[in-house]
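Each chain, letter by letter, is given below.
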Amino acid sequence: MTTNLFDERFFSISENLKRIRDEINESAIKSGRKPEDVRLMAVTKTVDVKYINYAITECGIDLIGENKVQEFLSKKDELKLDGVEKHLIGHLQTNKVKKIVPFVDMIQSVDSVKLAKVISDEATKINKTMDVLLEINIGDEGSKTGFDKTAFLESIGEISELPSIRVKGLMTIPPICDAPAEAEKYFALMSDFYNEIKSGNYANFDFNILSMGMSGDYKEAIIHGSNLVRIGSAVFGARIYK
Ligand SMILES: *Cc1c(COP(=O)(O)O)cnc(C)c1O
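As the structure is a prediction and not an experimental result, all values here were calculated from the model.

**Digging into the overall build of the protein chain**
Part 1 of the argument: Counting its regular elements, the protein chain contains nine helices and eight strands.
Part 2 of the argument: Here the protein chain has a C-alpha radius of gyration of 18 Å; the compact-globule value for 242 residues is 18 Å, and the two agree.
Part 3 of the argument: The principal-axis extents of the C-alpha atoms in the protein chain amount to approximately 60 × 40 × 35 Å.
Part 4 of the argument: In the protein chain, which comprises 242 residues, the proportion classed as buried is 49%.
Part 5 of the argument: Just so you have it, the protein chain exposes about 12,000 Å², and 49% of that area is on carbon and sulfur atoms.
Part 6 of the argument: Of the charged side chains in the protein chain, 32 are positive and 37 negative, and the gap between their average positions amounts to 4 Å.

Quick look at the structure:
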């Protein structure tokens, strides 16, 4: 048996990140912004702790996203999270809110008034103001979580009165498209919607994050105004679901 002194995957993670950062910088400049105006999140679902820690300690990753409460909680004690922001990005059931609110810096996947209320209640109990993004179902897909635009506009009054959340912006996952160029129309719609809400005056809204763009379409998302891209497989390689 040979000892695996050098795991090639470490090397590819650092190479992937170099390439992705170059492309983020280029797209930011193309869209008239500075490279540092766009944040890179490493999406760590299904990824082993050792690779996540490598991305953090050796490649400067300072923002990670997990989809599932249980998965994040089971990994977190082994992660080197000093100075790292942790966001929940997957659908959150109300009965799990209490478990996650103390441990994350943001919940990006708030998709109903009911969920927003439960988060605010739990945050109140531990004296925290929970930063959240509201998830928009920009393609109006029946199968998807997220507010459609009409429901969102109807809910905004109620959400803005919740005392222990701070709404930092919007998040979206556009419909699956055959080509990144097709996703552009959704990114453009999102960007207009984001700017419309941002210009409103809502009590607990402090809008500065538009979270859109994943491995296959982050360049297009940035061109249309994204300032936080959530990238998983392009950083860590294809996911293996156990
Ligand atoms: C998995 C996931 C991502 C990352 O997807 P990739 O295509 O691997 O980059 C981004 N956002 C959300 C909400 C996800 O669930």
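Having put the structure on the table, let's press on.
**Some points on the packing of helix α6 (residues 149–159) against helix α7 (residues 180–198)**
Part 1 of the argument: Between α6 and α7, whose axes approach to 13 Å, the crossing angle comes to 15°. Classified by the interaxial angle, the pair formed by α6 and α7 is roughly parallel. The crossing of α6 and α7 is right-handed. Packed against α6, whose contacting residues are K149, F152, L153 and I156, the element α7 presents L189, F193 and I197 at the interface.
Part 2 of the argument: Here the residues of the contact of α6 with α7 are counted per class, giving six nonpolar, no polar and one charged.

**Structural notes on the pairing of strand β8 (residues 228–231)**
Part 1 of the argument: Of the two faces of β8, both are covered, the one formed by L228 and R230 as well as the one formed by V229 and I231.
Part 2 of the argument: Two strands pair when backbone bridges link them, and strand β1 (residues 39–43) and β8 are joined in this way by four bridges, in the parallel orientation. For L40, the partnering residue across the bridge sits in β8 and is V229.

**Observations concerning the nonpolar core**
It is characteristic of soluble globular proteins that their nonpolar side chains tend to be buried jointly.
Part 1 of the argument: Ranked by internal contacts, the top residues of the largest apolar core, which has 41 residues, are I107, I119 and L170.
Part 2 of the argument: Of the residues forming this core, the biggest block, seven residues, is contributed by α7.
Part 3 of the argument: Not counting residues within four places of it along the chain, the set of residues in contact with I119 comprises L92, V97, V101, I107, V110, M130, V132 and I165.
Part 4 of the argument: Among the nonpolar cores identified, the runner-up in size contains 27 residues, and I13, V49, A234 and V235 belong to it.

**Side note on the pairing of strand β5 (residues 130–136)**
Part 1 of the argument: When you tally the buried positions in β5, you get seven out of seven residues, the bulk of the element.
Part 2 of the argument: Burial along β5 is two-sided: the residues M130, V132, L134 and I136 and D131, L133 and E135 are all buried.
Part 3 of the argument: Here strand β4 (residues 106–110) pairs with β5 via three bridges, running parallel. From the neighbouring strand, I107 faces β5, where its bridge partner is V132.

**What about the site of the ligand?**
Part 1 of the argument: The ligand sits among V43, K45, N67, I89, I173, M214, S215, R230, I231, G232, S233 and R239.
Part 2 of the argument: Here S215 contributes a side-chain N or O atom positioned 2.5 Å from an oxygen atom of the ligand.
Part 3 of the argument: For the ligand, an oxygen atom lies 2.8 Å from a polar atom in the backbone of S233.
Part 4 of the argument: Contact with the protein chains covers 89% of the free accessible surface of the ligand, which is 390 Å².

**Looking at the side chain of E135**
Part 1 of the argument: Summarising the element assignment, E135 is placed in strand β5.
Part 2 of the argument: As a buried residue without a salt bridge, E135 has its nearest oppositely charged side chain in K144, at a separation of 7.1 Å.
Part 3 of the argument: A polar side-chain atom of E135 sits 3.4 Å from a polar atom in the side chain of T145.
Part 4 of the argument: Those residues in contact with E135, other than ones at most four positions away along the chain, are Q108, S109, V110, D111, T145, G146, F147, M171 and I173.

**Examining the environment of K75**
Part 1 of the argument: By the secondary structure assignment, K75 is in helix α3 (residues 69–75).
Part 2 of the argument: Ignoring sequence-local partners within four residues, the contact set of K75 consists of T44, K45, T46, V47, V49, I52 and E66.
Part 3 of the argument: A polar contact of 2.6 Å, which involves the side chain of K75, links it to the side chain of E66.

**Side note on the pattern of salt bridges**
Part 1 of the argument: Under the definition given, this model contains 13 salt bridges.
Part 2 of the argument: Between E71 and K75 there is a salt bridge, with the nearest N and O atoms lying 2.8 Å from each other. Here the residue E71 and the residue K75 both occupy positions in helix α3, the gap between them amounting to four residues, near one helical turn.
Part 3 of the argument: Residue classification places K75 among the buried residues on the basis of a relative accessible area of 9%.
Part 4 of the argument: D206 is the salt-bridge partner of K168, the closest N and O atoms lying 3.1 Å from each other. Of this pair, K168 sits in strand β6 (residues 165–172) while D206 sits in strand β7 (residues 205–211); the two residues are 38 residues apart in sequence, bridging distant segments of the chain.
Part 5 of the argument: By relative accessible area, which is 12% here, K168 ends up buried.
Part 6 of the argument: For D206, a relative accessible area of 35% translates into the label partly exposed.
Part 7 of the argument: Each of R39, D62 and E85 takes part in a single network of salt bridges with overlapping partners.

Reading guide: rules and limits
In this numbering scheme, every chain counts its residues from 1 along its sequence in written order. This being a predicted model, a pLDDT of at least 70 is required before a residue's local features are given, and a value of 80 or more before pairs of side-chain atoms are given or counted; all residues contribute to the totals for chains, interfaces and linings. Side-chain metrics rest on all non-hydrogen atoms present in the structure, leaving aside hydrogens and water. Strands here are runs of E lasting at least two residues and helices are runs of H or I lasting at least four, both read from the DSSP assignment and numbered beginning at the N terminus. As a reference, a globule follows 2.2 Å times the number of residues to the power 0.38, and the radius of gyration itself is taken over C-alpha atoms. Three labels apply to residues, based on accessible area from a 1.4 Å probe with only protein chains included: buried if under 20% of the type maximum, exposed if over 50%, partly exposed otherwise in between. Surface accessibility follows the Shrake-Rupley procedure with a 1.4 Å probe radius. Residue values consider only the protein chains on display as shielding. Charge assignment: positive for Lys and Arg, negative for Asp and Glu; neither His nor the chain ends contribute. Think of each charge as sitting on NZ of Lys, CZ of Arg, CG of Asp or CD of Glu. Under this scheme, a helix contributes an axis fitted over its contacting stretch, all axes are lines through C-alpha atoms, and angles between N-to-C directions fall in the 0 to 180 degree range. Oblique is the label for any angle not under 35 degrees, not over 145, and not in the 65 to 115 range, which are roughly parallel, roughly antiparallel and roughly perpendicular in turn. It is the rotation of the near helix from the far one that decides the hand of a crossing: anticlockwise by less than a right angle makes it left-handed, clockwise makes it right-handed. Any two residues having at least one pair of non-hydrogen atoms within 4.5 Å are treated as being in contact. Classes in brief: Ala, Val, Leu, Ile, Met, Phe, Trp, Tyr, Cys and Pro nonpolar; Asp, Glu, Lys and Arg charged; the others, Gly included, polar. The pairing criterion for strands is at least two bridges between them, as found by DSSP. Definition of nonpolar core: a set of buried residues of the types Ala, Val, Leu, Ile, Met, Phe, Trp, Tyr and Cys, connected through side-chain atoms within 4.5 Å. A single heavy atom is enough: if one lies within 4 Å of a molecule or strand, its residue is considered near that molecule or strand. Contacts described as polar in this section are N or O atom pairs within 3.5 Å, which, within protein, must combine one atom able to donate a hydrogen with one able to accept it, while residues neighboring in sequence count only if both atoms come from side chains. By convention in these notes, a salt bridge is any Lys or Arg side-chain nitrogen within 4 Å of a carboxyl oxygen on Asp or Glu.

In short, shape yes, function no, at least from these values alone.
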